[in-house]
Amino acid sequence: MKFPWSHTTIVDMIKTDQKVEEKCHQVTTDIIAGKLNVAEFVEELGPALTHTDASVRAKGTTLLSNVLKDLPPDTLQANQVELLCTFYIDRSLDHHTVTPMVLAGIEALTHMTNFPDGAAVRLLRALFERVPCQSQKKPERTLYFQMMLNLAERKVDELKAWGVDFVYGVIGAIEGERDPRNLLYLFERMPSFIRTFPMYHLAEEMFETFACYFPIDFHPNPNDPVAITRDALAEHLANCLCATPEMAEFAVPLLMEKLDSSLIMAKLDSLSLLRKCLELLEVAKLEEHHDELWTALKKELLPAGGTSAAEKELAEATFAAVQALAKNASTDEPSAKALLDKILLSVMGGLTDASSKQFEMSLRVELSCAQGSVYCAVYVIEKLIPMLLAQLNVDGHVETRVANVLVDALQRLCAVCAHWYCIDRLDPALVGQMHKKLIEVVLQEADGSEQKRSALLALAAVPEMVSSENRYVVYSAMVKILLTATEQPSKTIDAAQECLFSFAIRYQQEVKTVVLEKLITHDYAKAETSLVQLVFKTLGKFILYHGYMDKMVTFFLSKIFDPDNERLAIIAMDTLTDVVENGNSSQLGKAELYEQYKLLDRCFEYANDKLSSDCLHAMAQLIGAVVKQLPVEEQHQLIVKRLPALRLQQRADLYLASGLLAYLDQSVPLVDHFENLVTDLSKLALETDDERVRDVCNRLLCSLFNRMPDDEHHRGVLKRLLKMIREELKKHNHQAVVILSWIGKGLIARGHSEAGEIVDDIADLLDHPTLGHIAALAFEILSIEFPQLHLPLLRNLFKQKLFVWVMKKLEQKVEQYAETHLKALAFVLAATPHTVLKMNLSKVGPVLLKCLAQTDDKTILEALTIVLRFTREQDPFVQDHLQTLIPLLLKLTVHQSSMKIRIGALECLLYVCKYPTFLLLPFKQSVLLALQKPLDDRKRLVRNAAVTTRLQWFVVGSAEDTKTDK
């Protein structure tokens, strides 16, 4: 290989040639290809590397280091790496201006696959002795740390053998570091280092190296493109301080000291560190600190009363620390008992008076202890139950509020008991007393009372404590609550349902014969629909419970196929559909409903035109939900068996077809039926006067054309249908426009080539004297999403494609837009992603302003929603058009036909206030005058928005506002 320099020219070239580094890229390529030996390269650089001028040596070393950085890790052999290590060790004694390049080269060498044994110690010893890390600039310190920790990961045994000198050198390198990015790198990597290498007598010194940063006080630079957060630094620092049990011992006195800080953030960091320490340390190491720790924690909790978000966060962190402390102590029962006794004695005063402000905080402390372990749970529950029952069982009257608090406390203890499954470890006499009181509450308290709700939740947590005779009391209460649900608070209903499901798992036969039998045999004929829906939904959940399916499915099927009560049939079908769709059990739809209970066969036999559209729609939804769960092969067999016999002109058959086809898998072929289906559906949609039937036809057409194979036969079917529809358009048939839009929607979603032509056809109709209005509404169909519309084929960015088509078609007529054009555009813009609108705001903006000047509520609302987003972002387009926008918004604040428009306009005016004051001052007086009228609006929400907006405009131009602008 011929070098681009010689021994005699290398120095001159380094001094004068600006492209010398580019020439080195060819050197790198040749070394990788084996055309050049790295030793030869170093030899060629010799005059520059040994020059008397330090700047020349620095540039020569830079060239070498850059080549090494660009080499793949496996390029160099061990002897070559050894040679380079020796060179860089020698260069570590060079002038300080050469040091950065030396560090870059060494860091590159640490990544080499064939890094030789013994070289790591020699390199690090040279650096520790000759190159003080903290004397370097930030980039060089970063390289220093990376090199040091890379070698620590790769050469563990070698560096362990070096011993204490290595650890001492690492401490010296990182001690005093202040750059946040370097610190984050160290905090992330050092825990592994500390756990890998023995600290010898330097453990405390290593700890102090990190302890000086605790707690983290850091405010990130707002302009940093890759910002470092305070929380990230704090979390990783805590991992360093607790890297090993030995380090964690030193952390306990530190965190107790910092808990006395007045800064909430310091307290939070200290509590987080405490939890980490408690996970590592044995109770024997911590027992001497129990008194101090509890005193410090108690100080944060008592007295209670903090209401700010930060104070609440601190309280939650303290409860978590109490739980961790109890859990740690539980490994030694005498220590745990001593700690729990101490804590209980401290909070006893609050626990014995449920009316005091300290009760809730004291209870939370004890519950936190109980969550630590089984031992703690048993201790706390056995101590607290007598205290709570004593206050409930007083001779005189117990205030309702106090009784609510006490029963709720019992419920929370039961929840802890359920968590640890420790009911059998509790004193039976205490359990019996609590059980007796809870049953008493269920019997005597009103159904909607807070006490009854808490008692039911308590029994739901530990159903095994309820005796057989008392279970029937609970069953009666649950049935009564469910059958009078319209009169009950939602929380009470939820508690009754939770209790029912809990008992259903443990006492299956009893729940079947007592509760479910009463609910099933109840006469719902005259019951309110909302009550029936709630009870049926509750019963529907039992289908997925082991042992209940047959009874519940039989019940629902009896209601579905009961010709005497169609209302109950619809609710039963809706309930079953919900269970199939959301029950997380594909077997329910396939194995049970389809195969065992023959649900689809019964639906096809039962359906007839005498049933209402609502009933047939519910049936179609249920069929669709079951079909969706079937394997593709069974879906195909079902289509072959059922579809040919259906006559879509009959209403019942149409709904059955929609159930079969609505969620059919894309791979199920329909080629034999496709033309007949789309022809019959389109004719029916054109001819029928039934709005529900038209909607079913249109949705099916949309889904069918979306899944249509893109071959010549199916394209021919589409073209013939479009030709027929266009003939109907010539007859001014409004329904033809709607059909065209639904077909277009299915084709647009899949990115079909005919979609653009359909959009053009509908856009041309916007100028039509009789079809213009319906064409504008057709763009709403094209744009919005329909939750129950199944489109198997969805192409990426299809909404953006629709936007491009429509804007290309209409953008030339901005000045000539009629109301129909603007309405259509408003629907399309509303469905277009915000990023796309932002990129095209110069075209979209004028359209939005024109939309705001229209009289149609839908057009205004869609445009206003988009304008509000851009105003909130303080987009320059809005700033440039305030003179047009503000008068339009003021006019909309009194738009009487829509409260949403009035509120949206006021909110938009509020965000306009964020623009520079000098732009707003010319409008201030007219805005304040115009906003007087919305202050007297008949709707409270509008009045509230008007007050907020007018106040903000009132302070525009004030001294403080002007100062903020500046």
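Everything numeric here is computed off the predicted structure, so don't read it as measured data.

### Topic: the environment of Glu-754
And step 1. For Glu-754, the position within the fold is in the loop between helix 40 (734-750) and helix 41 (755-764).
And step 2. In this structure Glu-754 comes out as buried when scored by relative accessible area, which is 12%.
And step 3. Remark: the alpha-carbon pair of Glu-754 and Pro-563, spanning 191 residues in sequence, is separated by 46 Å.

### Quick word on the nonpolar core
And step 1. Grouped together as the largest cluster of nonpolar side chains are 368 residues, with contacts concentrated most on Met-190, Phe-193 and Trp-953.
And step 2. If you tally residues by element for this core, the top one is helix 22 (residues 374-392), at 13 residues.
And step 3. Apart from the residues within four sequence positions on either side, Met-190 is in contact with Leu-149, Val-170, Ile-174, Met-206, Phe-210 and Cys-240.

### Overview of the pattern of salt bridges
And step 1. Counted by the stated rule, this structure contains 43 salt bridges.
And step 2. Put simply, Asp-291 and Lys-342 hold a salt bridge, and the shortest N to O gap is 2.7 Å. Remark: Lys-342 occurs in helix 20 (residues 333-351) and Asp-291 occurs in helix 18 (residues 290-301); sequence separation between them is 51 residues.
And step 3. A salt bridge links Glu-440 to Lys-437, with the shortest nitrogen-to-oxygen separation between them at 3.0 Å. In this pair, Glu-440 and Lys-437 are both assigned in helix 24 (residues 428-444), three residues apart and thus about one turn of the helix distant.
And step 4. When its relative accessible area of 28% is taken as the criterion, Glu-440 is described as partly exposed.
And step 5. Residue Lys-437 is classed as buried on the basis of its relative accessible area, which comes to 11%.
And step 6. Among the ionic contacts, a cluster of salt bridges with common partners joins Arg-57, Asp-90, Arg-91 and Asp-94.

### Section: the packing of helix 27 (residues 490-506) against helix 29 (residues 529-541)
What describes two packed helices is the angle between their axes and the distance between those same axes.
And step 1. Running from N to C, helix 27 and helix 29 point in directions that differ by 25°, and their axes come no closer than 11 Å. It follows from the interaxial angle that helix 27 and helix 29 lie roughly parallel. Handedness of the helix 27/helix 29 crossing: right-handed. Every residue of helix 29 that contacts helix 27 at Ile-493, Gln-497, Leu-500 and Phe-501 is listed here: Leu-534, Thr-538 and Lys-541.

### As for the confidence of the model for the chain
And step 1. Scored by pLDDT, the chain has a mean of 90; 95% of the residues are at 70 or more.
And step 2. A low-confidence stretch, residues 962-966 stays under pLDDT 50, and its non-local contacts, those more than four residues away or across chains, total three contacts.

### A look at the UniProt feature "domain: MMS19 N-terminal" (unreviewed entry) in the chain
And step 1. Taking the UniProt record as the reference, the feature "domain: MMS19 N-terminal" (unreviewed entry) is found at residues 42-302.
And step 2. The distance from the first to the last C-alpha atom of residues 42-302 is 71 Å, and the span holds 70% helix and 0% strand.

### Description of the side chain of Asn-470
And step 1. Take Asn-470: it is sitting in helix 26 (residues 468-483).
And step 2. In this structure the side chain of Asn-470 is engaged in a polar contact, spanning 3.2 Å, whose partner is the side chain of His-435.
And step 3. Setting aside chain neighbours within four positions, we find Asn-470 in contact with His-435 and Ile-439.

### Remarks on the packing of helix 21 (residues 358-370) against helix 23 (residues 400-420)
And step 1. The geometry of helix 21 relative to helix 23 is characterised by a closest axis approach of 11 Å and an angle of 10° between their N-to-C directions. With respect to each other, helix 21 and helix 23 are oriented roughly parallel. Across the interface between the two elements, Phe-359, Glu-360, Leu-363, Arg-364, Leu-367 and Ala-370 of helix 21 pack against Val-405, Leu-406, Ala-409, Arg-412, Leu-413, Val-416 and Trp-420 of helix 23.
And step 2. Along the lines of polarity and charge, the residues of the contact of helix 21 with helix 23 split into 10 nonpolar, no polar and three charged.

The rules we used
- Residues numbered from 1 in each chain as written.
- Predicted model: local features only at pLDDT ≥ 70, side-chain atom pairs only at ≥ 80, totals over all residues.
- Heavy atoms only, no water.
- Helix = DSSP H or I, 4+ residues; strand = E, 2+ residues; numbered from the N terminus.
- Buried < 20%, exposed > 50% of the residue type's maximum accessible area, 1.4 Å probe, protein only.
- Core = buried A, V, L, I, M, F, W, Y, C linked by side-chain atoms within 4.5 Å.
- Contact = heavy atoms within 4.5 Å.
- Salt bridge = Lys/Arg side-chain N within 4 Å of Asp/Glu carboxyl O.
- Axes fitted to C-alpha atoms, helices over the stretch in contact; angles between N-to-C directions.
- Parallel < 35°, antiparallel > 145°, perpendicular 65-115°, else oblique.
- Left-handed = near helix turned anticlockwise from the far one by under 90°.
- pLDDT = per-residue confidence, 0-100.
- UniProt positions renumbered as here; feature names shortened; annotations may be inferred.
- Polar contact = N/O pair within 3.5 Å; in protein donor to acceptor, adjacent residues only side chain to side chain.
- Nonpolar A, V, L, I, M, F, W, Y, C, P; charged D, E, K, R; others polar.

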